[in-house]
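Chain by chain, the residues run as shown.
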Amino acid sequence: MRIKYLFLSWLVVFVGSWIMYVQYSTYTELCRGHDCRKIICDKYKTGVIDGSACSSLCAKETLYFGKCLSTKPSNQIYLGIWGNLQSVIKCQMEEAAQLDFGTDPEPRKEIVLFDKPTRGTTVEKFKEMVYGFFKAKLGEQGNLSELVNLILSFADGNKDGRVSLPEAKSAWALLQLEEFLLMVILQDKEHTPKLMGFCGDLYVTERVEYTSLYGISLPWIIELLIPSGFRRSMDQWFTPSWPRKAKIAIGLLEFVEDIFHGPYGNFLMCDTSARNLGYNDKYDLKMMDMRKIVPEINLKEIIKDRQCDSDLDCIYGTDCRTLCDQSKMRCTTEVIQPNLAKVCQLLKDYLLRGAPSDIHEELEKQLYLCIALKVTANQMEMEHSLILNNLKTLLWKKISHTNDS
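Position labels on residues start from 1 in each chain and follow its written sequence. Totals for whole chains, interfaces and linings use every residue, but because this is a predicted model, local features are given only for residues with pLDDT of at least 70 and side-chain atom pairs only at 80 or more, for both listing and counting. Side-chain numbers here rest on the full set of heavy atoms in the structure, without hydrogens or water.

- An unreviewed UniProt entry lists the protein chain under the name Divergent protein kinase domain 1A, with Taeniopygia guttata given as the organism.
- UniProt positions are given in the numbering used here, feature names are shortened, and annotations may be inferred rather than shown by experiment. A UniProt comment under Sequence similarities (unreviewed entry) is attached to the protein chain, and it reads "Belongs to the DIPK family."
- Check the Subcellular location (unreviewed entry) section of the UniProt entry for the protein chain; it says "Endoplasmic reticulum membrane".

Structure follows, in structure tokens:
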């Protein structure tokens with residue numbers, strides 16, 4: 001019996017040590033804030049890049065990296081403190097991005113080398129570069145010249161009324177990132193976190209208190225031991241009260257309105273998972289991760305020449321799906337589901353659990369009508385608008401008289 005207990009004790013220690021080693025190795029691969037900071041600060045100190053956050057990060061050291069939130073080595077995300085303000089720091093890592101075969105890579109070479117614009121480029125020439133970039137990315141939609149001026153204003157990190165070459169290099173690098181471009185376009189919208197500063201292709205945004213639509217944050221060792229089915233049940237237990245969930249859902253529906261045929265065209269949500277959505281202490285929705293929200297015109301360019309054997313080969317991100325044209329063995333360019341249908345699928349269980357009995361049936365009906373929306377349906381835009389307004393009205397009427405509104 002003693003030998004048996006000794007063996008079991010040894011086995012527990014061995015397995016526990018192995019799990020801790022694997023998790024530590026995973027953490028050190030995912031969380032490379034020291035490397036990110038070193039790369040950025042080396043470029044800043046040699047005069048290659050500049051920006052509103054550079055001095056605080058590299059000279060004054062008043063911008064600190066805190067808890068690591070990264071889920072991929074190529075996208076470093078940290079809670080941060082900038083002076084007295086809480087923030088989120090996002091930084092790109094080229095080396096890891098090249099190894100990430102599971103995603104559609106963004107063109108990162110220019111960003112890492114910061115080789116554009118070149119020395120001797122005038123401000124007018126840089127404006128032409130940015131205008132041409134927007135035209136290719138967004139098409140001839142909206143006032144692109146106004147958007148160019150907005151970028152130049154943001155690029156002037158020290159607010160001296162001019163854009164230096166290092167500042168222009170940083171701005172050009174940031175524009176290659178889908179999330180940054182969308183954040184600039186939507187900076188005046190309620191549900192987009194505010195941009196606080198940048199340095200190279202590192203940028204700082206406001207911090208949001210709750211960083212997932214569902215659940216609670218647990219230590220990784222506990223996450224490892226909890227079965228996935230039980231974890232999903234826990235997620236449902238640890239959600240706000242129903243009126244607060246309704247307010248968060250209204251915010252998400254408003255965000256869908258903001259990016260559906262806005263001033264710079266239609267943007268597609270290609271990853272609608274709960275971890276990309278957060279909310280503040282007033283239960284106002286805030287988008288936590290917008291890296292997979294892309295201009296429709298840009299997505300069509302990405303996917304139109306993709307070879308395919310089946311529809312499974314025609315997926316961008318996790319949620320933007322088109323069909324495989326078997327006659328040409330190429331993906332078609334028309335995304336099957338609109339953003340609203342994907343959002344309603346995400347909100348179905350979230351809103352129906354605990355919903356007041358007097359609206360439960362109607363709410364369920366509207367959500368299923370929403371989920372059934374197809375881009376190719378006749379009068380889709382009219383149905384889209386009608387369902388979205390019906391859902392917002394239904395939820396708002398129920399909570400408008402409560403403190404949660």
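## Quick word on the environment of Phe 180
Thinking step 1. Secondary structure elements follow DSSP: runs of H or I of four or more residues count as helices, runs of E of two or more count as strands, with numbering from the N terminus. Looking at where Phe 180 falls in the secondary structure, it is placed in helix H9 (residues 178-185).
Thinking step 2. Exposure classes here rest on a 1.4 Å probe applied to the protein chains alone. A residue is buried below 20% of its type maximum, exposed above 50%, and partly exposed in between. Residue Phe 180 is classed as buried on the basis of its relative accessible area of 1%.
Thinking step 3. Counting along the chain gives 23 residues from Phe 180 to Tyr 203, while the straight-line C-alpha distance between them is 8.4 Å.
Thinking step 4. Note on contacts: a residue pair qualifies if any of its non-hydrogen atoms lie within 4.5 Å across the two residues. In contact with Phe 180, other than residues within four places in its own chain, are Phe 154, Leu 174, Leu 175, Leu 195 and Tyr 203.

## So, the nonpolar core
Across soluble globular proteins, nonpolar side chains have a tendency to be buried as a group.
Thinking step 1. To form a nonpolar core, buried Ala, Val, Leu, Ile, Met, Phe, Trp, Tyr and Cys residues must be joined to one another through side-chain atoms within 4.5 Å. Of all hydrophobic cores here, the largest spans 73 residues; its most connected members are Phe 134 and Leu 363.
Thinking step 2. Domain ranges listed in this record stem from an automatic or a database domain assignment. Shared between two domains, this core holds at least three residues of each, these being domain 1 (32-93 + 114-206) and domain 2 (220-400).
Thinking step 3. Residue contacts for Phe 134: discarding those within four places in its chain leaves Gly 139, Leu 144, Leu 147, Val 148, Ile 151, Leu 175 and Leu 181.
Thinking step 4. With 18 residues, the next largest nonpolar core counts Ala 53, Leu 57, Cys 58 and Ile 89 among its residues.

## Regarding the state of the cysteines
Thinking step 1. Counting rule for disulfides: a pair of cysteine sulfur atoms within 2.5 Å. Inspection of the entire model under this criterion finds eight disulfides.
Thinking step 2. Between the sulfur atoms of Cys 31 and its disulfide mate Cys 68 the distance is 2.0 Å. One quick way to see it: the torsion about the S-S bond of Cys 31 and Cys 68 is about -85°, and its sign makes the bridge left-handed. Of this pair, Cys 31 sits in the loop between helix H1 (2-30) and helix H2 (33-45) while Cys 68 sits in strand S1 (residues 63-68), placing them 37 residues apart in sequence.

## Points about H2
Thinking step 1. A helix's residues, less one, multiplied by 1.5 Å, set its expected span. An ideal rise of 1.5 Å per residue puts 18 Å on 13 residues; H2 measures up with 18 Å between its terminal C-alpha atoms.
Thinking step 2. Residue Gly 47 follows H2 closely and has a positive phi angle near 80°.

## Notes on the pattern of salt bridges
Thinking step 1. A pairing counts as a salt bridge when a side-chain nitrogen of Lys or Arg comes within 4 Å of a carboxyl oxygen of Asp or Glu. Tallying each qualifying case throughout the model produces 15 salt bridges.
Thinking step 2. The salt bridge partner of Lys 398 is Asp 358, with a shortest N-O separation of 2.7 Å. Here Asp 358 lies in helix H15 (residues 357-371) and Lys 398 lies in helix H16 (residues 380-399), a separation of 40 residues in the sequence.

## Details of the packing of aromatic side chains
Thinking step 1. Two rings from Phe, Tyr or Trp (for Trp, the six-membered ring) form a pair when their centres sit within 6.5 Å of each other. Planes less than 30 degrees apart are called stacked, planes more than 60 degrees apart edge-to-face, and all others tilted. On inspection of all chains with the given rule, the structure shows ten aromatic pairs.
Thinking step 2. A centroid spacing of 5.6 Å and a plane angle of 25° characterise the contact between Tyr 279 and Tyr 283, whose relative ring orientation is stacked. As far as burial versus exposure is concerned, Tyr 279 and Tyr 283 are alike and both buried.
Thinking step 3. Taken together, the ring pairs in this structure connect Phe 154, Phe 180, Phe 198 and Tyr 203 into an aromatic cluster.
Thinking step 4. Definition used: whenever NZ (Lys) or CZ (Arg) falls within 6 Å of the ring centre and also within 35 degrees of the ring normal, the charge is taken to sit over that ring. The ring of Tyr 350 is capped by Lys 245, whose NZ or CZ atom sits 5.4 Å from the centre of that ring.

## Examining the pairing of strand S5 (residues 202-206)
Thinking step 1. Burial runs high along S5: four of the five residues are buried.
Thinking step 2. Pairing between strands is defined by DSSP: at least two bridges between them are needed. In terms of strand pairing, strand S4 (residues 195-199) meets S5 through four bridges, oriented antiparallel. Counted as the bridge partner of Phe 198 is Tyr 203 from S5.
Thinking step 3. As consecutive antiparallel partners, S4 and S5 are separated by two residues, and within that stretch Gly 200 has a phi angle of approximately 65°, a positive value.

## Examining unusual backbone geometry
Thinking step 1. Cis geometry marks the peptide bond from Lys 116 to Pro 117, where omega comes out at -5°.
Thinking step 2. In this fold, Pro 117 is placed in the loop between helix H5 (109-113) and helix H6 (123-138).
Thinking step 3. Positive phi outside glycine occurs at Glu 61, with the angle close to 55°.
Thinking step 4. Here Glu 61 is to be found in the loop between helix H3 (54-59) and S1.

## A short note on the pairing of strand S3 (residues 85-92)
Thinking step 1. Among the eight residues of S3, six are classified as buried, and the element is accordingly described as predominantly covered.
Thinking step 2. Bridge count between strand S2 (residues 75-82) and S3: eight bridges; the pairing is antiparallel. Paired with Ile 77 across the strands is Lys 90, a residue of S3.
Thinking step 3. In textbook terms, the turn of a hairpin is the stretch between consecutive antiparallel strands, and for S2 and S3 this stretch comprises two residues, one of which, Gly 83, has a positive phi near 65°.

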